[in-house]
Amino acid sequence: MTATPAKAPEPATPPAPGPGPTSRPAKTPHGHRRLLTRRDRITLGLMAGVPTILHVTLVWLTALASIALAFTTWDGIGFDSIKWVGLDNFRELFTNNPQFWPAVEHNVIWFVVLILLPTPFGLFLAVQLDKKIRFSRVYQTAFFLPVVMSLAVIGFVWQLIYNPDTGLINSLIGANKPGHYIDWIGDPDLNLWAVLVAASWRHTGYMMILYLAGLKGVDPALREASALDGAGEWQTFKNVIFPTLRPTNTVVLVVTIIEALRAFDLVFVFNKGAQGTELLSILVTNNIIGESSRIGYGSAIAVVLLVISLAVIIPYLIATFRKERRA
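Described in the following lines is the structure provided in the data block. (Residues numbered from 1 in each chain as written. Predicted model: local features only at pLDDT ≥ 70, side-chain atom pairs only at ≥ 80, totals over all residues. Heavy atoms only, no water.)

Side note on the overall build of the protein
Link 1 in the chain: Summing up its helical and strand segments, the protein has 14 helices and 2 strands in all.
Link 2 in the chain: Considering the protein as a whole, with its 327 residues, one finds that 31% of them fall into the buried category.
Link 3 in the chain: If you take every contact in the protein between residues at least 6 apart in sequence, the share linking residues at least 24 apart comes to 65%.
Link 4 in the chain: Within the structure as shown, the protein displays about 21,900 Å² of accessible surface, and the carbon and sulfur contribution to it stands at 66%. (Helix = DSSP H or I, 4+ residues; strand = E, 2+ residues; numbered from the N terminus. Buried < 20%, exposed > 50% of the residue type's maximum accessible area, 1.4 Å probe, protein only. Contact = heavy atoms within 4.5 Å. Areas by Shrake-Rupley, 256 points an atom, 1.4 Å probe, with all protein chains shown as cover.)

Shown next as structure tokens:
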């Protein structure tokens, strides 16, 4: 039998020239899209730009203008009447204004009263509400309601309470009869304290909320450990809880100082800051928009108020930033 010779393998046919199989474009991973369209940029620019422009115009430029006007005299009619007087406004303010130092004293009294009366009472209410008693939400709403209300509305309410004829207080103590009236608003020896009672009523709710927020951040393990050591409720609060409220106490102190410096609405509603209720904010208003229109002099008082505020706020901000860097 004759063997059939094996056929040699045919060479592979080279692929025809031309484009290969169409490859699908790689899909863009989910979430990777164009960042911002032109419309988005315009929208974000308006959202960020308009508030920034308003803030710079109404806050920073106004503050800088007030500082500049403090060294001038101006009646508010035409910019041509602005005259540079240097430190004359401050010299007159510190030496020749009989209302300035009483106003400073009243602002200090305002701060002392707020820090000594409504602040501890607000802490007391916060501690009680933190025990999760029944109807705690109702109590929180009732005590916080004055904070939500406008100070002008609070002033009108307390005016009715202090009314010599039909007011609640005079009716309760029998001082609403002729010859026995107690003028809580018109008497220079009483009106400041009467306004402070209304301010304390509102400030108590403010302090309650701040301290209640601080108490919610206290670690429950600290309370349990104190209870296991046999400490009573007062000892636990004094030695364990209150030291942990140090950041809250700092915020409370700064807020109270600011509240004392910016006090205006209540006093203006009561008697426009006259007859024993002078405040720095009232002096600023009376000189700038009053009949005298001494805008330069009123700006000098505003600068003094600004310096006092910055002396309190700047150390607080420095301490806060240092804590954030350490953290």
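Details of the pattern of salt bridges
Link 1 in the chain: Scanning all chains against the criterion turns up 7 salt bridges.
Link 2 in the chain: A salt bridge links Arg 223 to Asp 130, with the nearest nitrogen and oxygen atoms 2.9 Å apart. Pair noted here: Arg 223 is in helix α9 (residues 220–228) and Asp 130 is in the loop between α4 (118–129) and α5 (136–148), with a separation of 93 residues, a long-range link.
Link 3 in the chain: For Arg 223, a relative accessible area of 29% corresponds to the partly exposed category.
Link 4 in the chain: By relative accessible area, Asp 130 is classed as buried at 14%.
Link 5 in the chain: Among the ionic pairs, Arg 202 bridges to Glu 259, the shortest N-O distance being 3.5 Å. Here the residue Arg 202 occupies a position in helix α8 (residues 191–216), and Glu 259 occupies one in helix α11 (residues 246–261), the gap between them amounting to 57 residues.
Link 6 in the chain: By relative accessible area, Glu 259 is classed as buried at 13%.
Link 7 in the chain: Connected through shared salt-bridge partners, Asp 130, Lys 216 and Arg 223 make up one network. (Salt bridge = Lys/Arg side-chain N within 4 Å of Asp/Glu carboxyl O.)

So, the packing of aromatic side chains
Link 1 in the chain: Using the criterion set out here, one finds 14 aromatic pairs in the structure.
Link 2 in the chain: An angle of 40° between the planes, with centres 5.5 Å apart, marks the rings of Trp 158 and Tyr 162 as tilted. For the pair Trp 158 and Tyr 162, a shared accessibility class is recorded, and that class is buried.
Link 3 in the chain: Of the aromatic side chains, those joined through ring pairs into one cluster are Trp 158, Tyr 162, Trp 184, Trp 201 and Phe 270.
Link 4 in the chain: Positioned over the ring face of Tyr 297 is Arg 294, at 4.2 Å from the centre of the ring. (Phe/Tyr/Trp six-rings, centres within 6.5 Å; stacked < 30°, edge-to-face > 60°. Lys NZ or Arg CZ within 6 Å of the ring centre and 35° of its normal.)

A closer look at the environment of Asn 170
Link 1 in the chain: The topology assignment puts Asn 170 in helix α7 (residues 168–173).
Link 2 in the chain: Given the relative accessible area of 0%, Asn 170 is considered buried.
Link 3 in the chain: Here the alpha-carbon distance between Asn 170 and Ile 182, two residues 12 residues apart in the chain, equals 7.0 Å.
Link 4 in the chain: A polar atom in the side chain of Asn 170 sits 3.1 Å from the backbone oxygen of Ile 182.
Link 5 in the chain: In this structure the side chain of Asn 170 is engaged in a polar contact, spanning 2.8 Å, whose partner is the side chain of Trp 184. (Polar contact = N/O pair within 3.5 Å; in protein donor to acceptor, adjacent residues only side chain to side chain.)

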